[in-house]
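# Structure at a glance
If you want the building blocks of each chain, they are given just below.
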Amino acid sequence: MMKKRYLVEHMYTADPAVHVFNGKLFIYPSHDVESGIPENDLGDHFDMRDYHVFSMEDIEGEVTDHGVALDVKDIPWAGRQLWDSDCACKNGKYYLYFPLKDKTDIFRIGVAVSDKPEGLFVPQDAPMKGSYSIDPCVFEDEDGAFYMYFGGLWGGQLQRYRNNKAIECGHEPKDYEPALPSRVVKLNDNMLEFGEEPKEVVILDENGDVLKASDHDRRFFEASWMHKYQGKYYFSYSTGNTHRLCYAVGDNPYGPFTYRGVILTPVVGWTTHHSIVEFKGKWYLFHHDSVPSGGKTWLRSMKVVEMKYDESGNIITIDGSDE
Ligand code: FUB
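Notes on the structure in this doc start here. Just so it is clear, the model here is predicted, and its values are computed rather than measured. (Residues numbered from 1 in each chain as written. Predicted model: local features only at pLDDT ≥ 70, side-chain atom pairs only at ≥ 80, totals over all residues. Heavy atoms only, no water.)

### Remarks on the side chain of S85
Along the chain, the position of S85 falls in the loop between β5 (63-71) and β6 (86-90). Beyond its immediate chain neighbours, meaning those up to four positions away, S85 contacts A17, Y28, P29, Y51, L96, Y97, F98, P99 and P136. (Helix = DSSP H or I, 4+ residues; strand = E, 2+ residues; numbered from the N terminus. Contact = heavy atoms within 4.5 Å.)

Here it is in structure tokens:
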């Protein structure tokens, strides 16, 4: 089994979204910087200003930094905070989806387009209509349809929305109520717009009941990812304040999904975030921790480790503290 490997030393990187394009691994991380902003529950200390794209020909090989792919100063509607992005490829064009606060300090999801996986990406003039919150992940199903999963609590502002509408005063549900879910939406053919109203990503427990808001060890918080394994849809996510990466399995991209277990136990640092990708016949978990910065939550470093399934398709839990 390969050892966990930090991928980049010359800058801080987090939230790695990874895809295989043209036979290579392309990594789309957040670019963490020292902002000097004190840490708080709204994530103001995550004040990122650009994205770099990285690529690798082999999992143990050299990591190429392709430089700045998109800068906040080039986004017409920008306020602040470029958080976790993802990239999708359709008909030879690459679409970078990113969360960013607009000029009124509300998170929206933007899209920027390039002819190359490494950019430069040219942003659209406005955020995607109907978008809100953070952490877009774009999944291409085998029939060629693209789905975006998104949402994140607290600093990610998901608690301010119900039924895709902003509510007067953001709050979490009561303990006995269903937990706030991630959202899923099919994208339009042009990849620039939602093709429908976003739907809730429902996670059920072993009895078929929806996970409750009080179930902090298992409920969704942020960092959605979708992958397919042996014909099943694996929805994975961070539990936020309990610092786990968990997963739930379903039969189609919309769910419902049944909770299955923990992929990664807590790492050093408050956030945990990931992507899962198959490359050259093996499965890998890309994620981050704050070990290289001495535990600073807002200065994270991305890494990769091999991920395995058992014969029933369960993901074998990886120990996040095992450095
Ligand atoms: O990187 C900023 C935020 O921290 C991400 O959007 C969250 O998922 C968490 O990793």
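### Description of the layout of surface pockets
It is a probe the size of a water molecule, rolled over the atoms, that shows where empty space is left. Considering only enclosed or pocket space, the largest pocket measures out at about 490 Å³ in volume. Elements supplying a minimum of two residues to the lining of the largest pocket: β2 (12-21), β6, β10 (137-140), β17 (222-229) and β21 (274-279). Considering only residue class, the lining of the largest pocket consists of 15 nonpolar, two polar and five charged. (1 Å grid on protein atoms, 1.4 Å probe; cavity = no way out; pocket = protein on both sides within 12 Å on 5 of 7 lines; lining within 4 Å. Points joined across faces, edges and corners; volume = space filled by probe spheres on them. Nonpolar A, V, L, I, M, F, W, Y, C, P; charged D, E, K, R; others polar.)

### Things to note about the sheet that holds strand β9 (residues 122-123)
In space, the four strands of this open sheet follow the order β6-β7-β8-β9, with antiparallel pairing throughout. Unpaired on one side and paired on the other, β6 and β9 mark the two borders of the sheet. Bridge count between strand β7 (residues 93-101) and strand β8 (residues 107-114): eight bridges; the pairing is antiparallel. Looking across to β8, one finds that Y95 is bridged to V113. (Pairing = 2+ DSSP bridges.)

### Notes on the site of the ligand
In the vicinity of the ligand, the contacting residues are D15, M48, W83, D84, I134, D135, E222, T271, H273, H288 and R300. D135 has a polar side-chain atom sitting 2.5 Å from an oxygen atom of the ligand. One nitrogen or oxygen atom from the side chain of R300 is found 2.7 Å from an oxygen atom belonging to the ligand. Alone, the ligand offers 280 Å² of accessible surface; in the complex the protein occludes 99% of this. In terms of residue class, the shell around the ligand is made up of three nonpolar, three polar and five charged. (Near = heavy atom within 4 Å. Polar contact = N/O pair within 3.5 Å; in protein donor to acceptor, adjacent residues only side chain to side chain. Areas by Shrake-Rupley, 256 points an atom, 1.4 Å probe, with all protein chains shown as cover.)

### Section: the pairing of strand β20 (residues 257-264)
Counting buried residues in β20 gives six out of eight residues, a clear majority hidden from the surface. With two bridges connecting them, strand β16 (residues 203-204) and β20 associate as parallel partners. For L204, the partnering residue across the bridge sits in β20 and is T258. Note that strand β19 (residues 245-250) and β20 share five bridges and pair antiparallel. Across the sheet, A248 pairs through a bridge with Y259, a residue of β20. In textbook terms, the turn of a hairpin is the stretch between consecutive antiparallel strands, and for β19 and β20 this stretch comprises six residues, one of which, G255, has a positive phi near 85 degrees. (Buried < 20%, exposed > 50% of the residue type's maximum accessible area, 1.4 Å probe, protein only.)

### Some points on the nonpolar core
Ranked by size, the top nonpolar core spans 78 residues in total, and within it Y97 and M148 carry the most contacts. Considering each element in turn, this core owes the most residues, six residues, to β7. Beyond its immediate stretch of four places on either side in the chain, Y97 contacts S85, D86, A88, G110, V111, M128, P136, V138, M148, L187 and M191. Membership of the second largest hydrophobic core comes to 17 residues, among which are V8, V18, L25 and V304. (Core = buried A, V, L, I, M, F, W, Y, C linked by side-chain atoms within 4.5 Å.)

### Section: the pairing of strand β18 (residues 232-238)
The element β18 is extensively covered by neighbouring structure, given that six of its seven residues are classed as buried. What sits between the antiparallel neighbours β17 and β18 is a turn of two residues, in which Q230 has the positive phi angle 50 degrees. Pairing analysis gives six bridges linking β18 to β19, with the strands arranged antiparallel. Bridging across to β19, S238 finds its partner in L245. What sits between the antiparallel neighbours β18 and β19 is a turn of six residues, in which G240 has the positive phi angle 65 degrees.

### Quick word on the pattern of salt bridges
A complete count under the given rule lists 18 salt bridges for this structure. D32 is the partner of R300 in a salt bridge, and the nearest nitrogen-oxygen pair spans 2.7 Å. Of this pair, R300 sits in the loop between β22 (282-289) and β23 (301-307) while D32 sits in strand β3 (residues 24-32), and the two are 268 residues apart along the sequence. We classify R300 as buried; its relative accessible area is 3%. (Salt bridge = Lys/Arg side-chain N within 4 Å of Asp/Glu carboxyl O.)

### Some points on the sheet that holds β16
In space, the five strands of this open sheet follow the order β16-β20-β19-β18-β17, with mixed pairing throughout. Edge positions in the sheet fall to β16 and β17, since each of these pairs with one other strand and no more. Here six bridges tie β17 to β18, and the two strands are oriented antiparallel to one another. The partner of K228 across the bridge, within β18, is Y233.

### So, the environment of K116
In this structure, K116 sits in the loop between β8 and β9. Under the relative-accessibility criterion, K116 is labelled partly exposed at 44%. Here the alpha-carbon distance between K116 and Y94, two residues 22 residues apart in the chain, equals 6.3 Å.

Such coordinate-based values are descriptive only and should not be taken to indicate function.
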